Amino acid sequence: MTNTQQKQTITVAGGYDPAVVTLKQGVPAQLTFDRTSSQGCLDVVQSTDLKFTSDLPLNQPQTVTIPTDTAGEFTYSCGMDMFQGKVVIK
Ligand SMILES: [Cu+2]
């Protein structure tokens, strides 16, 4: 991993895989959500903690940039907060 950028792809298919992503503090980060199944109600992903929201059309990976200034554990979820994933920044 370089110190200039970090990227992680999360597969969305009846949940989030991997469910926990660990990122380095202070290094710009992008998460790409790849929704590969119409299962569940995962067509929106959102995070109040990480300040993003994105529609997830089937089989069209969507990339969001997230802040990594603050260390800690942050959650994101589907539009109805039924499925959750976690980002750990340290
Ligand atoms: Cu939901």
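What counts and how
- Residues numbered from 1 in each chain as written.
- Predicted model: local features only at pLDDT ≥ 70, side-chain atom pairs only at ≥ 80, totals over all residues.
- Heavy atoms only, no water.
- Buried < 20%, exposed > 50% of the residue type's maximum accessible area, 1.4 Å probe, protein only.
- Helix = DSSP H or I, 4+ residues; strand = E, 2+ residues; numbered from the N terminus.
- Pairing = 2+ DSSP bridges.
- Donors = N, O, S within 2.8 Å, 3.2 Å for Na, K, Ca; no water.
- Salt bridge = Lys/Arg side-chain N within 4 Å of Asp/Glu carboxyl O.
- Core = buried A, V, L, I, M, F, W, Y, C linked by side-chain atoms within 4.5 Å.
- Contact = heavy atoms within 4.5 Å.
- Phe/Tyr/Trp six-rings, centres within 6.5 Å; stacked < 30°, edge-to-face > 60°.

- For the protein chain, an unreviewed UniProt entry supplies the name Cupredoxin domain-containing protein and the organism Lactiplantibacillus dongliensis.

### Here's the deal with the pairing of strand β4 (residues 29-35)
For a regular strand, side chains alternate in direction, first toward one face of the sheet and then toward the other.
Right, on to step 1. In terms of residue burial, β4 counts as a mostly covered element, since five of its seven residues are buried.
Right, on to step 2. Pairing between strand β1 (residues 6-12) and β4: seven bridges, direction parallel. Within β4, the residue paired with T11 across the bridge is D34.
Right, on to step 3. The pairing of β4 with strand β7 (residues 62-66) spans five bridges and is antiparallel.

### Considering the coordination of the copper ion
Right, on to step 1. Coordination of the copper ion by the protein is provided by C41 (SG) and C78 (SG), with metal-donor distances spanning 2.1 to 2.2 Å. Linking C41 in the loop between β4 and β5 (44-47) with C78 in strand β8 (residues 72-78), this pair joins segments that are 37 residues apart in sequence.
Right, on to step 2. On the basis of relative accessible area, C41 is assigned to the buried category, the value being 17%.
Right, on to step 3. Residue classification places C78 among the buried positions, given a relative accessible area of 0%.

### Overview of the pattern of salt bridges
Between side chains of opposite charge, a pair can form when the charged atoms approach closely.
Right, on to step 1. Using the criterion set out here, one finds one salt bridge in the structure.
Right, on to step 2. With its nearest N and O atoms 3.1 Å apart, the salt bridge here joins K86 to E73. Within this pair, whereas K86 is found in strand β9 (residues 84-89), its partner E73 is found in strand β8, the two being separated by 13 residues in sequence.
Right, on to step 3. Judged by relative accessible area, K86 falls into the partly exposed class, the value being 30%.

### Considerations on the nonpolar core
Right, on to step 1. One finds Y16, L31, F33 and I66 to be the most contacted residues of the largest nonpolar core, which totals 21 residues.
Right, on to step 2. Those elements giving two or more residues to this core turn out to be β1, β3 (20-23), β4, β7, β8 and β9.
Right, on to step 3. Contacts of L31, omitting those with residues within four sequence positions, involve Q8, I10, V21, L23, Q62, T63, V64, I66 and V87.

### Quick look at the sheet that holds β4
Right, on to step 1. Reading across from one edge, β2-β1-β4-β7 is the order of the four strands in this open sheet, with mixed pairing throughout. Only two strands of the sheet have a single neighbouring strand rather than two, namely β2 (16-17) and β7.

### What to know about the side chain of S37
Right, on to step 1. Along the chain, S37 turns up in the loop between β4 and β5.
Right, on to step 2. Excluding residues that lie within four positions of it along the chain, S37 makes contacts with V12, A13 and L58.

### A closer look at the packing of aromatic side chains
Right, on to step 1. In this structure the tally under the stated criterion is five aromatic pairs.
Right, on to step 2. Considering the side-chain rings of F52 and Y76, the 6.5 Å spacing of their centres and the 45° angle between planes classify their relative orientation as tilted. Here Y76 lies in strand β8 and F52 lies in strand β6 (residues 52-55), a separation of 24 residues in the sequence.
Right, on to step 3. Given the relative accessible area of 8%, F52 is considered buried.
Right, on to step 4. Given a relative accessible area of 1%, Y76 falls into the buried group.
Right, on to step 5. In this structure an aromatic cluster arises from ring pairing among Y16, F33, F52 and Y76.

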